[in-house]
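# Structure assessment
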Amino acid sequence: MRTIFTLLVSFISFISQSQNPTFKILGRLNGVKEGKILISYKLNNVDISDTIKIINQKFYYKGKCTDPFIAVLTYNGMSKGYFFEPKKMRLIGDKDSFDKSVLHGSKTNRDMINRGKLISELSKRDIDSGRKRDIREITFETDSSFILLNPKSFFSLKLLDFYFSDLEYNMVRKTYNRNKKIYRDSEIGKEISQKLSLSSLSLPGVTISDFSFLDDKNNTVSFKKIIEDNRFILIDFWASWCIPCRENVSFLKAIYQKYHSQGLGILSFSIDKNSEKWKDAIKKDGIDIWKNGIDNSEKMLEKKFGIISIPTFILLDNNFNIIGKYNGRWNGKNELEKEIEKVLKGK
């Protein structure tokens, strides 16, 4: 009877631990008899800060988590971030070089370190060969390769989420589906799934139905009218408070001047909640040379076009068909102009 009872207690304990996974850090900081480590992290949208006591060079900390997460540990002014996982891990370091401490037992943290090494190696190769590239381009190339080579990594999911608007839709979808179900069911996995659903609304070939919007002169305008007046049209989603959006004005003016006579129209949609700030930005940036609208009513247009982030560009032909969707950053602008050239050449 006692044996049965013991087994039952053990089983209940096992089930409880499975439903409430914990992370445990067994640490050693050489050279410290007594001291404190500050730890800060965010779980379930709650910011957590705590103190870990060091006694005779050893320390211990645990907490509850379901997915890998990043935490920052600080000792004597030295800080370092680590990816912790719901398991037992070991952290080993020295008093005078805490920021070089090594975490053992976390694959996600190891993936993060390996990715950093790849970026450093590629940067060094560029320098050695005399090739000059923006660090963003180097990082993007490295991270894209990392995602493809490590499809089952939680860190790859983090990169997929970060670069979602920069990556081709089918690449994201296929890589996401190859990842572990436990990670796809995580908070960030669910966010990527929602982004995929939204993005499917504005894939190339999707036909957009007509709609009306309020312009900066308080007139109700039909999208059909703008489409009919142009061979193809570029929709620019932006906001007055978005610095990268405002920085795109010179780019937009340049392509408008270059391609407007060949049939390109531009329509800028702001997601501002304050219409006065929106109108002030239009005047200040001088973008009243094309049509401007605002989407501050229940985000109807954001939902219609599956907008996830700004700045975002969407190119359509005059039959309401989407030609392409591009992020409004460095690589997206290059791809957009290439597509405009293809459209003009009839490819």
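If you check helix α2 (residues 107-129), its first and last C-alpha atoms are 33 Å apart, about what 23 residues at 1.5 Å a residue would give, namely 33 Å. Within α2, the full set of buried residues consists of T108, N109, D111, I119, L122, S123 and D126. Contacts made by the buried residues of α2 are with β6 (78-84), β8 (102-104), α3 (135-149) and α4 (154-162). One or two steps after α2, the chain reaches G130, where phi turns positive at roughly 80°.

A word on the pairing of strand β12 (residues 264-270). The element β12 is largely enclosed, with a buried count of 7 among its 7 residues. Burial along β12 is two-sided: the face carrying L264, I266, S268 and S270 and the face carrying G265, L267 and F269 are both buried. Summarising the sheet, strand β11 (residues 232-238) and β12 pair through 7 bridges and their orientation is parallel. Residue pairing in the sheet places F232 in a bridge with L264 of β12. Two elements, β12 and strand β13 (residues 291-294), share 4 bridges in a ladder whose sense is parallel. By the bridge assignment for β13, F269 is matched with G293. Once the chain exits β12 it traverses helix α11 (residues 275-285) before rejoining the sheet at β13, and the crossover so formed is right-handed.

This brings us to the packing of α2 against α4. To characterise two packed helices, one gives the angle between the axes of the helices and the distance between these axes. In contact at an axis separation of 8 Å, α2 and α4 are set at 60° when each is read in the N-to-C sense. Accordingly, the angle class assigned to the pair α2 and α4 is oblique. Contacts between α2 and α4 involve T108, D111, M112 and R115 from the former and F154, F155 and L159 from the latter.

This next bit is on the packing of helix α5 (residues 169-178) against helix α7 (residues 187-199). Where α5 meets α7, the axes come as close as 11 Å, and the angle between the chain directions of the two elements is 145°. Judged by the sense of rotation from one axis to the other, the crossing of α5 with α7 is left-handed. In this structure, α5 uses Y169, V172, R173 and Y176 to contact α7, whose residues at the interface are G189, I192, S193, L196 and S199. Looking at side-chain class alone, the contact of α5 with α7 contains 5 nonpolar, 3 polar and 1 charged residues.

A few words now on the sheet that holds β11. The 7 strands are arranged β10-β9-β13-β12-β11-β14-β15 in an open sheet whose pairing can be described as mixed. On the outer flanks of this sheet lie β10 (220-222) and β15 (322-327), each paired with one strand and no other. Going from strand to strand, the sheet's axes swing by 35° on average, the running direction of each strand aside. Two strands pair when backbone bridges link them, and strand β14 (residues 312-317) and β15 are joined in this way by 5 bridges, in the antiparallel orientation.

Let's shift gears to the packing of aromatic side chains. In total, this model carries 23 aromatic pairs according to the counting rule given. Where F213 meets F269, the ring centres are 4.9 Å apart and the plane angle is 85°; that geometry is what we call edge-to-face. Note that F213 is positioned in strand β9 (residues 212-215) and F269 in strand β12, a separation of 56 residues in sequence. On the basis of relative accessibility, which here comes to 5%, the residue F213 falls in the buried class. On the basis of relative accessibility, which here comes to 0%, the residue F269 falls in the buried class.

What follows deals with the confidence of the model for the protein. Should pLDDT be low for a region, the predicted coordinates there are not to be read in detail. Per-residue pLDDT for the protein has a mean of 90; in total, 93% of the residues score no lower than 70. Note that residues 7-18 has pLDDT below 50 and, in this model, 0 contacts with residues that lie over four places away or in other chains.

Once that is clear, we can look at unusual backbone geometry. Cis rather than trans, the peptide bond between I310 and P311 has omega equal to 5°. With respect to the helices and strands, the residue P311 is situated in the loop between α12 (300-304) and β14. Phi at N45 is positive, roughly 65°, even though this residue is not glycine. Its location among the elements puts N45 in the loop between β2 (34-43) and β3 (46-55). One non-glycine residue, Q57, lies in positive phi territory at about 75°. Position of Q57 among the secondary structure elements: in the loop between β3 and β4 (58-64).

To continue, consider the pattern of salt bridges. Summed over the entire model, instances satisfying the criterion amount to 16 salt bridges. Between E337 and K258 there is a salt bridge, and its shortest N-O distance comes to 3.4 Å. With E337 in helix α13 (residues 330-344) and K258 in helix α10 (residues 249-259), this residue pair connects regions lying 79 residues apart in the sequence. What makes E337 partly exposed here is its relative accessible area of 24%. Given a relative accessible area of 44%, K258 falls into the partly exposed group.

Our next topic: α4. Judged by how many residues are buried, α4 sits mostly within the fold: 7 of 9 residues are covered. Of the positions making up α4, those classed as buried are F154, F155, S156, L157, L159, L160 and D161. Where the residues of α4 are buried, they touch β6, α2, α3, α5, α6 (181-184) and α7. Taking the backbone nitrogen of F155 as reference, a side-chain oxygen 3.0 Å away marks S153 as the first, capping residue of α4.

Basis of the calculations
- Residues numbered from 1 in each chain as written.
- Predicted model: local features only at pLDDT ≥ 70, side-chain atom pairs only at ≥ 80, totals over all residues.
- Heavy atoms only, no water.
- Helix = DSSP H or I, 4+ residues; strand = E, 2+ residues; numbered from the N terminus.
- Expected span 1.5 Å × (residues − 1).
- Buried < 20%, exposed > 50% of the residue type's maximum accessible area, 1.4 Å probe, protein only.
- Contact = heavy atoms within 4.5 Å.
- Pairing = 2+ DSSP bridges.
- Right-handed = clockwise from strand over helix to strand, strands pointing away.
- Axes fitted to C-alpha atoms, helices over the stretch in contact; angles between N-to-C directions.
- Parallel < 35°, antiparallel > 145°, perpendicular 65-115°, else oblique.
- Left-handed = near helix turned anticlockwise from the far one by under 90°.
- Nonpolar A, V, L, I, M, F, W, Y, C, P; charged D, E, K, R; others polar.
- Phe/Tyr/Trp six-rings, centres within 6.5 Å; stacked < 30°, edge-to-face > 60°.
- pLDDT = per-residue confidence, 0-100.
- Salt bridge = Lys/Arg side-chain N within 4 Å of Asp/Glu carboxyl O.
- Polar contact = N/O pair within 3.5 Å; in protein donor to acceptor, adjacent residues only side chain to side chain.

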